[in-house]
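Take a look at the letters that make up each chain.
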Amino acid sequence: MRYILLMVLAAMLSGCGYNQIQQKDEAVDAGWSEVLNQYKRRADLVPNLVSTVKGYAAHEQQVLTAVTEARAKVGEINVNADDPASLQQFQQAQGELSSALSRLMVVVENYPNLKADQGFLNLQTQLEGTENRITVARGRYIQLVQDYNTYIRSFPQNLVAMMFGHKVRPNFNVENERELQEAPAVDFGAAAAHEPQLQTQLVA
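Note that the structure is a prediction, hence the values are computed from the model and not measured.

A. Highlighting the overall build of the chain. The helix and strand tally for the chain stands at eight helices and zero strands. Starting at the N terminus and walking to the C terminus, you meet the elements of the chain as α-α-α-α-α-α-α-α. Out of the 204 residues in the chain, the part that is buried amounts to 38%. By sequence separation, contacts in the chain at least 24 residues apart represent 80% of the contacts at least 6 residues apart. For the chain, the accessible surface area stands at approximately 12,100 Å², while carbon and sulfur atoms represent 53% of it.

Written out as structure tokens, the structure is:
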């Protein structure tokens, strides 16, 4: 009799979306892990990028320091994707790093020798690829969270969700959505005729 009751209960839970809730919840967790993975990939590129730029533009200390500090701030955050305040703090820190990288790339435009450096070109390619991966991973995560939230708020899944403590997951907020979707400018294709010429060869 007990076995039959368990079977009936399992069938009822399955029919009310219990299994789907678990699957969607796991998909959101996996999507978030990929977002973190790609942001970490970008952060790992920053020290080499700063070091390479410093070799040609050591006196651009303010910009170099801003990138280093923004990267350090990102590393200090222990983000909890289930906590809206924590997610907002994470978004803000990543946005500050993106902004600092953008300013760094503007500075790079003034140093043709740096732009021709093979090590820098490799970093440029890696950064461009990483920014694209971040955009894809973030977009997929947004969709997964929206799908999960919509599902657990629909009847009768909302009853099962409440019964087992599944709550709506926070997402990237609308206020920062446009900024988050814009990768730092890493286009080094400006015409040579418009590039300032170096007056002095800088050595690290």
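B. Expanded view of helix α2 (residues 18-56). Compared with the 57 Å implied by 1.5 Å per residue over 39 residues, the 59 Å span of α2 between its first and last C-alpha is a close match. At V46, α2 shows its largest kink, close to 30°, and the proline P47 lies no more than four residues downstream.

C. Structural view of the packing of α2 against helix α6 (residues 118-152). One can describe the packing of α2 onto α6 by two numbers: an axis separation of 8 Å at closest approach and a directional angle of 160°. Classed by the angle they form, the pair α2 and α6 counts as roughly antiparallel. Both α2 and α6 take part in a crossing whose hand is left-handed. Looking at the contact of α2 with α6 residue by residue, the classes come out as 20 nonpolar, seven polar and 10 charged.

D. Quick peek at the side chain of E60. Counting through the fold element by element, E60 comes out in the loop between α2 and α3 (61-76). As a buried residue without a salt bridge, E60 has its nearest oppositely charged side chain in R103, at a separation of 10 Å. Within the structure, E60 has its side chain in polar contact with the side chain of Y111 (distance 2.8 Å). Contact partners of E60, with chain neighbours within four places excluded, come to V107 and Y111.

E. Highlighting unusual backbone geometry. The omega torsion of the bond from F155 to P156 falls at 5°, within 30 degrees of zero and hence cis. Along the chain, the position of P156 falls in the loop between α6 and α7 (157-163).

F. Inspection of the environment of V145 at higher detail. By the element assignment, V145 lies in helix α6. With 118 residues separating them along the chain, V145 and A27 place their C-alpha atoms 8.8 Å apart.

G. Representation of a nonpolar patch on the surface. Taken together, the side chains of F155, L159 and M162 present a nonpolar region at the surface, about 380 Å² in accessible area. Tracing the backbone shows F155 in the loop between α6 and α7.

H. Region of interest: the packing of α2 against α3. Where α2 contacts α3, the two axes come as close as 10 Å, and the packing angle between them is 165°. Taken together, the axes of α2 and α3 lie roughly antiparallel to each other. As α2 runs across α3, the sense of the crossing is left-handed. Here A43, D44, V46, P47, V50, V53 and K54 of α2 lie close against α3, whose contacting residues are L64, V67, T68 and R71.

I. Up close: the pattern of salt bridges. On inspection of all chains with the given rule, the structure shows nine salt bridges. Where R169 meets D29, a salt bridge forms, and the shortest distance between an N and an O atom there is 2.8 Å. Pair noted here: R169 is in the loop between α7 and α8 (177-180) and D29 is in helix α2, with a separation of 140 residues, a long-range link. Since its relative accessible area comes to 8%, R169 is described here as buried. Judged by its relative accessible area of 33%, D29 falls in the partly exposed class. Here R71 ties to D44 by a salt bridge, and the two come within 3.9 Å at their closest N and O atoms. Separated by 27 residues along the polypeptide, R71 in helix α3 and D44 in helix α2 bring together distant segments of the chain.

Rules used in this analysis
- Residues numbered from 1 in each chain as written.
- Predicted model: local features only at pLDDT ≥ 70, side-chain atom pairs only at ≥ 80, totals over all residues.
- Heavy atoms only, no water.
- Helix = DSSP H or I, 4+ residues; strand = E, 2+ residues; numbered from the N terminus.
- Buried < 20%, exposed > 50% of the residue type's maximum accessible area, 1.4 Å probe, protein only.
- Contact = heavy atoms within 4.5 Å.
- Areas by Shrake-Rupley, 256 points an atom, 1.4 Å probe, with all protein chains shown as cover.
- Expected span 1.5 Å × (residues − 1).
- Bend = angle between axes of the 7 residues up to and from the residue.
- Axes fitted to C-alpha atoms, helices over the stretch in contact; angles between N-to-C directions.
- Parallel < 35°, antiparallel > 145°, perpendicular 65-115°, else oblique.
- Left-handed = near helix turned anticlockwise from the far one by under 90°.
- Nonpolar A, V, L, I, M, F, W, Y, C, P; charged D, E, K, R; others polar.
- Lys, Arg positive; Asp, Glu negative; His and termini not counted.
- Salt bridge = Lys/Arg side-chain N within 4 Å of Asp/Glu carboxyl O.
- Polar contact = N/O pair within 3.5 Å; in protein donor to acceptor, adjacent residues only side chain to side chain.
- Patch = residues over 30% accessible without salt bridge, like charges linked within 9 Å, V, L, I, M, F, W, Y side chains within 5 Å.

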